[in-house]
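Architecture at a glance
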Amino acid sequence: MVLKPYSFSKLSTYKSCPRKFYYSYIIKAPKEEKDMTALLKGRAVHSILEVFPKKSSHKLADKYQIEVDKFINSDLGKTYLLPNRISEYRFGIDSNLEPCSYNDKSCLFRGIIDCIVIIDNRLYLVDYKTGKLKEPRWQEYDQLMFYSIYFFQKYNKIEHIDISYLYVEHDSENKITLERKYLDRYVSDLTKIINELEFDSSFDKNKTKLCDWCEYKEYCDLN
Ligand code: SF4
């Protein structure tokens, strides 16, 4: 069973419910059809922001362009959508937690960052979000925190990395600063979940109210 390289999506599926991970990534069970509107909108918005100021060729770009333009012209849009930004930055981390390329065979964990940008000599990692705005107290930062490991390892002089979840339709962000002095903790959070997953043999169900929205609930006896 080849599960590597891990993505944040794989790990968060496992964390939310090991059985869901089993259905999705191990036996690759067919999913229940879901309403794809939100997913397609998210892809179109990401595409517009990725190529800005060029025009996106995404088939739904025209439908969402006006909405995204509001963000592009907002203070937050002007802050982050700088000419020096890099969109869709691909990276990998190998089993020694050393930086590697996204397609490296030794890759343990990898990801694609929506936007990285230097502002006033500080590195920002940005994830674009569409849909409901999360209150700051409910925002989870694990994804960009795991991604920061690559940059802390690759650039020894970086002491701080700012990470931001940008809620495009709400012109709002949830943002924190990560510090090198806590790098061991970021690494330990990442390796803990990978180790749990790799040593799991039962992939137990995690029954919660979220089961109602699970694409695999038809396979689960939830009684
Ligand atoms: S229905 Fe619930 S328990 Fe079953 S796989 Fe989905 S989230 Fe897990």
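Only a predicted model underlies this, so the values are computations on that prediction, with no experimental measurement involved.

**Points about the sheet that holds strand E5 (residues 160-167)**
Note on sheets: strands pair through backbone hydrogen bonds, and any given pair is parallel or antiparallel. Read across the sheet, six strands follow the order E2-E1-E3-E4-E5-E6 without closing on themselves; strand pairing throughout is mixed. Each having just a single partner strand, strand E2 (99-100) and strand E6 (172-179) make up the two edges of the open sheet. The pairing of strand E1 (residues 86-94) with E2 spans two bridges and is classified as antiparallel. When the sheet's bridge partners are listed, isoleucine 93 is paired in E2 with proline 99.

**Some thoughts on a nonpolar patch on the surface**
A grouping of Met36, Leu39 and Leu40 is seen on the molecular surface, where their side chains present a nonpolar patch of about 230 Å² in accessible area. Mapped onto the secondary structure, leucine 40 falls in helix H3 (residues 37-51). By relative accessible area, which is 31% here, leucine 40 ends up partly exposed.

**Observations regarding the site of the ligand**
What surrounds the ligand is the set Cys17, Lys20, Tyr23, Lys205, Asn206, Cys211, Cys214, Lys217 and Cys220. Class assignment of the residues belonging to the shell around the ligand gives a composition of five nonpolar, one polar and three charged.

**Examining the packing of H3 against helix H4 (residues 61-72)**
Packing of H3 against H4 brings their axes to within 9 Å, and their N-to-C directions diverge by 60°. In terms of their interaxial angle, H3 and H4 are classed as oblique. Our pair here, H3 against H4, has a crossing hand that is right-handed. Along its contact with H3, which presents Lys41, Ala44, Val45, Ile48 and Leu49, the element H4 presents Ala61, Tyr64, Gln65, Glu67, Val68, Phe71 and Ile72. Looking at the contact of H3 with H4, its residues break down into nine nonpolar, one polar and two charged.

**Digging into helix H6 (residues 142-154)**
The first and last C-alpha atoms of H6 sit 19 Å apart over 13 residues, in line with the 18 Å expected at 1.5 Å per residue. Buried residues dominate H6, accounting for 10 of its 13 residues.

**Considering the packing of aromatic side chains**
Two aromatic rings, taken as a pair, are described by how far apart their centres are and by the angle between their planes. A full pass over the atoms with the stated rule returns 21 aromatic pairs. Through pairs of rings, three or more aromatic residues link up here, namely Phe8, Tyr89, Phe91, Phe109, Phe146, Tyr147, Tyr150 and Phe151. Over the face of the ring belonging to tyrosine 102 we find arginine 90, whose NZ or CZ atom lies 4.9 Å from the ring centre. Between arginine 110 and the ring centre of tyrosine 102, over which it is positioned, the NZ or CZ distance is 4.1 Å.

**Digging into the domain arrangement of the protein chain**
According to the domain assignment, the protein chain contains domain 1 (8-33 + 86-202) and domain 2 (35-73). Here the C-alpha centre of domain 2 lies 23 Å away from the C-alpha centre of domain 1. Each side of the interface is counted separately: domain 1 has 10 residues, and domain 2 has nine residues. Taking both sides of the interface into account, the surface hidden between domain 1 and domain 2 amounts to around 950 Å²; carbon and sulfur atoms contribute 68%. Among the residues domain 1 hides against domain 2, the three largest losses belong to Tyr128, Thr130 and Val168. Together they make up 50% of the total. The tally of links from domain 1 across to domain 2 stands at one salt bridge.

**A few points about helix H2 (residues 18-26)**
Where H2 is concerned, the buried positions are Pro18, Phe21, Tyr23 and Ser24. Within two residues after H2, lysine 28 carries a phi angle of roughly 50°, on the positive side.

Definitions and cut-offs
Residues numbered from 1 in each chain as written. Predicted model: local features only at pLDDT ≥ 70, side-chain atom pairs only at ≥ 80, totals over all residues. Heavy atoms only, no water. Pairing = 2+ DSSP bridges. Helix = DSSP H or I, 4+ residues; strand = E, 2+ residues; numbered from the N terminus. Patch = residues over 30% accessible without salt bridge, like charges linked within 9 Å, V, L, I, M, F, W, Y side chains within 5 Å. Areas by Shrake-Rupley, 256 points an atom, 1.4 Å probe, with all protein chains shown as cover. Salt bridge = Lys/Arg side-chain N within 4 Å of Asp/Glu carboxyl O. Buried < 20%, exposed > 50% of the residue type's maximum accessible area, 1.4 Å probe, protein only. Near = heavy atom within 4 Å. Nonpolar A, V, L, I, M, F, W, Y, C, P; charged D, E, K, R; others polar. Axes fitted to C-alpha atoms, helices over the stretch in contact; angles between N-to-C directions. Parallel < 35°, antiparallel > 145°, perpendicular 65-115°, else oblique. Left-handed = near helix turned anticlockwise from the far one by under 90°. Contact = heavy atoms within 4.5 Å. Expected span 1.5 Å × (residues − 1). Phe/Tyr/Trp six-rings, centres within 6.5 Å; stacked < 30°, edge-to-face > 60°. Lys NZ or Arg CZ within 6 Å of the ring centre and 35° of its normal. Domains from an automatic or database assignment. Buried area = accessible area lost by both parts, 1.4 Å probe.

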